[in-house]
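One letter stands for each residue in the lines below.
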Amino acid sequence: MAIRRRSYRLAEEPVTGAVRLIPVPASAPPSPLSAHADGAEREDQRQLREWAELAIGTGHTRSRGHSGDGTGLSYSRLPDGGSLLCATAPGGDVAAYHLTEADTLARFAEEWPITWWGAGETGEAAADPVPAAVGHDELVAFARAHETRVAPFLADVRRLFDDPAGRQLVVAEERPGAVARWIALACASLPAAYVPSLTFTTGAADPGRAPQHIVGIGPDADFDRGDPTVLDHLYRVHDGLGGPGSPPRTDTWATWTARLWLAGEPLPEAAADGDPFAPGPLVPRMLRAGLLTGRELTGLDGDALRAAVATLAASVADPRADPAALLAVCRELHAHDPGAAAPLALALARHRLGAARPEELPGELTAVCAEVPLDAEAERALRGEYGGDADKALRRALRDPVDTWAEPLRVALAVGADDGRGIDEAIERLARALRDPTGAERAPAVRVLDGVGSEPLTRRVLRRLADTPHTRRLDLLVSLADSPYGDWLRRNLDENAPLPLRLAEAAARWRAGGAGLRGMELFAKLTEVLPRRRVTDADTLQQLWWLVWGSSCPAPAELSWVAHTCTMRLLVAAGYGLRMTGLLAAPDGVDRELVGFAADLLHETQLPRRDRATAELLVVAQDLADGRKVALRQGLRRFEALCVDAGPLGANVRRGVFRLVALALARADADQLARPPAFGQLVAAGPELLDPYRAFMLDEGRRERLERELPLRPAEVAAYYYLWRPRERRGISHDWRRVAAELLDEVLGPVAVRLDDRQLSQVADAMLDRQGIDRVREWTAWRNSFRAR
């Protein structure tokens, strides 16, 4: 190595006795590190001495740093582009050597520092360091002795060059020789161009002032190795003295390089271009050594795993990489993490398909999809990439008769062009041929599908056949099921087939012949095809309706059955409300479902006047019973008017609405009933209103509640007496006299006998204000007679 002649030793001046840098006399024998002089000294001696004193001041180990031998090496970059190499002998003497920039860049990586790490460690207090080679085997042994620390250390070394503001590395060891071997390991691992830039000192007297990348310290160094701030923010500390050290970083290049060191494998050269730390060049050697498996990759964290897989994927094209070994890694990784293995699987598949001849592509694509663990998305991508020509050929073939499509279809499916325009167009045209009204195209379409023999293709054609099943297409599906190709259709239908197809096939089968099913029986049979045998959506109801009744309506006797099978609301949602208006006149009974149907029908603008009145009558009656939306007085008047507009009501409707009104009257306050129009309706009513009213009032629970509450409401007692003991007047029906007398005795009588004097007085006052003194006397006589019974 060419090193400038000007060298220095740290020694005492003969005159003053001060310890300082003393130039080595020109007549002194050259040290092993300053082998040859080349030319006159041209450097500024004062500047060079300042640089040397600075380097030695931070790297000198005699007073602090490493205890014991006091030996060490340091290497620093200088402002002039050169560098300064310092060696400290066991006795404390220091030699400093100034290297030119040409020396540093041209030969530094080749000759230094791997062959000089033993310098000064012979145990003798020599004036010059003693060279001793540190070879590959010694570094392998050192790495194995410090196995868990190698990868984090190399990750931090790389970070020195990735991040210009990266933190210095502090390496704490018992002896500077151990620090030197860490540095040797770093230099042997780095790309050659980076080695001359790595500065270091094996033993820093003052680590805080050391400017080098890697700073070695000993157990006695003035440096707090356990300070959390130091460990997390100021330095990256690698502690070989039992301390915690900084949290380790993971890095694919560092992890794989460490594995090669531990296995004793030589490192390959870094990439000639691009990222010199790319782990790709490491892959072939790791695969050959069996150091890389899918199971081990799963131990990496998210970013590291993605980087490792990306490296493997990029190495697929490297002729030095073993495709079989990469495929084994891919399969093992896929078994543990399919998502992580996907990029590698796709790269392996593309590499293999790219080497196939065009005539081999269909078979090779099938083989690749079977052998390489591809997910569905990757497989579709490959088929799209390598099926382009087959898709074009298929589109050209579709211009010819249907019978000629089988082979182009088979090829397109084989290369996986199933997402191309050709396959989609073929599916559409095959479905159209199967729906052909003349039936002429059905035979060749069936022959093509049977000839190709692709179950997925047949399923897609059947799905397209059932798309948007409007009425005309349903008829064509029934026609297909009725044709000679109905057996082919049935053979390819299963429980997962489109519902319109299964309904059309079932309708064709059950309608066949003169004795086939019709109307309600056919509808009931078709519901067996449905999930849970229930119609639950409007689209399905429309399909069933068309298959059974077409554009007509169910027979009147079938209306109630259809309504209960499908629900009223679903019938309205499917657009069949107007076809079911017959239910308003003759339902099985009045319930909330019928009332909801009536409310929905009120939105139909084409509803006939009489049907509209009936529908509104049902809604008003239910609102009165629920005590909502309308006051009792207005509701009763509207009810009377609607009874007239609706004309003669069917028996079930009349019975149902009057029962709802009777419930409203039973729940109303007595004072409301004693006023028009409620009073007039009650006293003039017939059995259809009075019988349910009587039943509601005599209900055991209601009677018990009235007996408990009426003594506390004297005005209501007076109102009930006025209501149920009417005087002679026009319009009072015989039925009302009968019902009122019973209610007076059964409901009000038990209450009256329990009233005390104060309550009796309050009832009398309420009667007097409204009905007069005669009514009070009548009430008193009635009460006394009731008590005497």
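Colleague: So what exactly am I meant to see when it comes to helix 3 (residues 136-145) here?
Modeller: Residues three or four positions apart in an α-helix share a direction because the helix packs 3.6 residues into each turn. The set of residues buried in helix 3 consists of Leu139, Val140, Phe142 and Ala143. Taken end-on, helix 3 shows its buried residues confined to a sector of 165°, consistent with a single buried face. Turned more than 90 degrees from where helix 3 packs its buried face, Asp137 and Ala145 sit exposed. Check the buried side of helix 3 and you find it contacts helix 4 (147-162), helix 5 (176-189) and helix 7 (252-263).

Colleague: Explanation requested: the side chain of Arg502 in the structure shown.
Modeller: Structurally, Arg502 can be placed in helix 22 (residues 499-511). For Arg502, which is buried and forms no salt bridge, the nearest opposite charge comes from Asp494, at a distance of 6.5 Å. Of the polar contacts made by the side chain of Arg502, one reaches the backbone oxygen of Ala497; its length is 3.1 Å. For Arg502, the side chain forms a polar contact with the main-chain oxygen of Val529, separated by 3.4 Å.

Colleague: Sorry, what's going on with the pattern of salt bridges here?
Modeller: When the charged atoms of two side chains with opposite charge come close together, those side chains can pair. A complete count under the given rule lists 38 salt bridges for this structure. Of the charged contacts, one joins Arg158 and Asp162 as a salt bridge, the two residues approaching to 2.9 Å between their closest N and O atoms. Of this pair, Arg158 and Asp162 both sit in helix 4, four residues apart, which is roughly one turn of the helix. According to the relative accessible area criterion, Arg158 is buried, its value standing at 13%. Here Asp691 and Arg738 are joined by a salt bridge, their closest N and O atoms 3.8 Å apart. Highlighted residues: Asp691 in helix 34 (residues 687-697) and Arg738 in helix 37 (residues 734-752), separated in sequence by 47 residues. On the basis of relative accessible area, Asp691 is assigned to the partly exposed category, the value being 36%. Accessibility expressed as a relative area gives 37% for Arg738, which makes it partly exposed. One network of salt bridges, with partners in common, ties together Asp424, Glu428, Arg432, Arg435, Arg464 and Asp467.

Colleague: What exactly am I supposed to notice about the packing of aromatic side chains here?
Modeller: To describe a pair of aromatic rings, one takes the distance between the centres and the angle between the planes. Summed over the entire model, instances satisfying the criterion amount to 20 aromatic pairs. Ring geometry for Phe223 versus Tyr235: centroids 5.3 Å apart, planes at 70°, classification edge-to-face. Of this pair, Phe223 sits in the loop between strand 8 (214-217) and helix 6 (228-234) while Tyr235 sits in the loop between helix 6 and strand 9 (236-239), and the two are 12 residues apart along the sequence. Both rings, one in Phe523 and one in Trp549, keep their centres 5.3 Å apart while their planes meet at 25°; by these two values the pair is stacked.

Colleague: Quick question: what am I supposed to make of the nonpolar core here?
Modeller: In summary, soluble globular proteins display a tendency toward joint burial of nonpolar side chains. In this structure, Tyr693 and Trp724 are the most contacted members of the largest nonpolar core, which totals 216 residues. For this core, the element with the most residues is helix 31 (residues 651-667), which contributes 10 residues. For Trp724, the residues in contact, after removing those within four places along its chain, are Tyr693, Met697, Trp736, Ala740, Ala741, Leu743, Leu744, Val747 and Leu748. The next biggest cluster of nonpolar side chains, apart from the first, holds 12 residues, and it includes Val170, Ala204, Ala210 and Val215.

Colleague: For this particular structure, what's the right way to read the confidence of the model for the chain?
Modeller: On average, residues of the chain score 80 in pLDDT, and 83% of them are at 70 or above. The element-level mean pLDDT for the chain is lowest in helix 2 (residues 101-111), coming to 57, with strand 6 (residues 169-172) highest at 95. Scored below 50 in pLDDT, residues 1-6 shows 23 contacts in the model against residues more than four places distant or in partner chains. Note on residues 116-131: pLDDT under 50 across the span, and 44 contacts to partners over four residues away in sequence or across chains.

Colleague: Whenever I open this one, unusual backbone geometry confuses me. Can you help?
Modeller: Apart from glycine, the bulk of residues carry a negative phi angle, and the bulk of peptide bonds sit in the trans form. The omega torsion of the bond from Pro676 to Pro677 falls at -5°, within 30 degrees of zero and hence cis. Tracing the sequence through the fold places Pro677 in the loop between helix 32 (670-673) and helix 33 (678-684). With phi around 60°, Arg532 is a residue other than glycine that occupies positive phi space. Inspection of the secondary structure puts Arg532 in the loop between helix 23 (519-526) and helix 24 (538-549). With relative accessibility at 68%, the residue Arg532 sits in the exposed group. Of note, the phi angle at Arg533 is positive, near 55°, even though the residue is not glycine. Mapped onto the elements, Arg533 comes out in the loop between helix 23 and helix 24.

Rules behind the numbers
- Residues numbered from 1 in each chain as written.
- Predicted model: local features only at pLDDT ≥ 70, side-chain atom pairs only at ≥ 80, totals over all residues.
- Heavy atoms only, no water.
- Buried < 20%, exposed > 50% of the residue type's maximum accessible area, 1.4 Å probe, protein only.
- Helix = DSSP H or I, 4+ residues; strand = E, 2+ residues; numbered from the N terminus.
- Arc of directions from axis to C-beta.
- Contact = heavy atoms within 4.5 Å.
- Lys, Arg positive; Asp, Glu negative; His and termini not counted.
- Salt bridge = Lys/Arg side-chain N within 4 Å of Asp/Glu carboxyl O.
- Polar contact = N/O pair within 3.5 Å; in protein donor to acceptor, adjacent residues only side chain to side chain.
- Phe/Tyr/Trp six-rings, centres within 6.5 Å; stacked < 30°, edge-to-face > 60°.
- Core = buried A, V, L, I, M, F, W, Y, C linked by side-chain atoms within 4.5 Å.
- pLDDT = per-residue confidence, 0-100.

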